[in-house]
Amino acid sequence: LRCDLTGKLSMSDNYKGWEGWRMVEAGGGYIRISPWAHSRKYLCSDETGKVSTTENREDPAVRWSVEKAPIGFEGVMIRSAAHNRVLQFDDTLCVLNTAVESFYAEKAVWQLPSLHRQTYYVVSAIYNRRIGAGRNSDVWMSNVPIRKKTEEWRLEGTGESGVIKLYSKSR
């Protein structure tokens, strides 16, 4: 899924900045999905199933849940909190399916690969401070505008069912 400079959505095979998305906690178990290149735009949907972007972060239509894909599929389903329908790719565009019970799973399952070599920053949403870690197990919070290598983290699966560990890249 791609979001261009104007906020227009399209599908793409690229894995560059326009195709990057961040998921931000919205409360109540929901998230807001924001394009990496546009911190003020949010993925939203309307009652007809049209999917677009908006700058109104308080609009109920920008709240989504992420669910494990059905058995037999690898990935997740992204469900609209406002309309209780799943996001799906419909040949040329993204739409919300019209009936939750009858969706085509292959069109509604999404992969969430990292754009940045599985590198993440752990940031407090309230204080806008990042967690950093040193080689000797020191941990600190930072709000310096320039991100440092000591603030980068990576996720690794453990091989156990659904268990993922978070490691500091500075170690």
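What you are looking at is a predicted structure, and each value in this text was computed from that prediction instead of being measured. (Residues numbered from 1 in each chain as written. Predicted model: local features only at pLDDT ≥ 70, side-chain atom pairs only at ≥ 80, totals over all residues. Heavy atoms only, no water.)

Colleague: Help me understand the pattern of salt bridges in this model?
Modeller: Between side chains of opposite charge, a pair can form when the charged atoms approach closely. By the definition in use, this model includes three salt bridges. In this structure, Lys41 engages Glu55 in a salt bridge whose closest nitrogen and oxygen atoms are separated by 3.2 Å. Pair noted here: Lys41 is in the loop between strand 4 (30–35) and strand 5 (42–45) and Glu55 is in the loop between strand 6 (51–54) and strand 7 (64–68), with a separation of 14 residues, a long-range link. Ionic pairing is found between Glu67 and Arg79, a salt bridge with its closest N-O pair at 2.6 Å. Here Glu67, found in strand 7, pairs with Arg79, found in strand 8 (residues 76–80); they are 12 residues apart in sequence, far enough to count as distant. (Salt bridge = Lys/Arg side-chain N within 4 Å of Asp/Glu carboxyl O. Helix = DSSP H or I, 4+ residues; strand = E, 2+ residues; numbered from the N terminus.)

Colleague: Any chance you could explain the confidence of the model for the protein here in plain terms?
Modeller: As a note on interpretation, predicted positions should not be read in detail where pLDDT is low. Looking at the protein, the pLDDT average stands at 76 and 75% of residues meet or exceed 70. In this model residues 99–103 is a low-confidence stretch, pLDDT under 50, and it forms nine contacts with partners more than four residues away in sequence or in other chains. (pLDDT = per-residue confidence, 0-100. Contact = heavy atoms within 4.5 Å.)

Colleague: Which parts of the structure should I look at to understand the environment of Val24?
Modeller: Following the sequence through the fold, Val24 ends up in strand 3 (residues 21–27). As for Val24 and Arg63, which are separated by 39 residues in sequence, their C-alpha atoms are 9.7 Å apart. Leaving out residues up to four positions away in the same chain, Val24 has contacts with Tyr30, Ile31 and Arg32.

Colleague: Which parts of the structure should I look at to understand the side chain of Thr54?
Modeller: Position of Thr54 relative to the elements: it lies in strand 6. A polar contact of 3.1 Å, which involves the side chain of Thr54, links it to the backbone nitrogen of Asn56. Not counting chain neighbours up to four residues away, the residues in contact with Thr54 comprise Arg40, Lys41, Tyr42, Cys44 and Val62. (Polar contact = N/O pair within 3.5 Å; in protein donor to acceptor, adjacent residues only side chain to side chain.)

Colleague: Sorry if this is basic, but what is going on with the environment of Val76 here?
Modeller: Of note, Val76 is situated in strand 8. A relative accessible area of 16% means that Val76 is categorised as buried. Sequence-wise, Val76 and Leu112 are 36 residues apart; in three dimensions their C-alpha atoms are separated by 8.0 Å. Apart from residues no more than four positions distant in its own chain, Val76 is found in contact with Val66, Glu67, Lys68, Ala69, Ala108, Val109, Trp110 and Leu112. (Buried < 20%, exposed > 50% of the residue type's maximum accessible area, 1.4 Å probe, protein only.)

Colleague: Looking at this structure, I do not really get the nonpolar core. What am I missing?
Modeller: Proteins that are soluble and globular tend to have nonpolar side chains buried together. Of all hydrophobic cores here, the largest spans 11 residues; its members are Leu1, Leu9, Ile31, Ile33, Leu43, Val51, Trp64, Val76, Ile78, Leu87 and Trp110. Elements with a minimum of two residues in this core: strand 4 and strand 8. Other than its neighbours up to four places away in sequence, Leu43 contacts Leu1, Leu9, Trp21, Ile33, Val51, Ser52, Ala61, Val62, Trp64 and Leu87. (Core = buried A, V, L, I, M, F, W, Y, C linked by side-chain atoms within 4.5 Å.)

Colleague: What am I meant to see in unusual backbone geometry here?
Modeller: A positive phi angle, near 50°, is found at Asn84, a position not held by glycine. Relative to the elements of secondary structure, Asn84 occurs in the loop between strand 8 and strand 9 (87–90).

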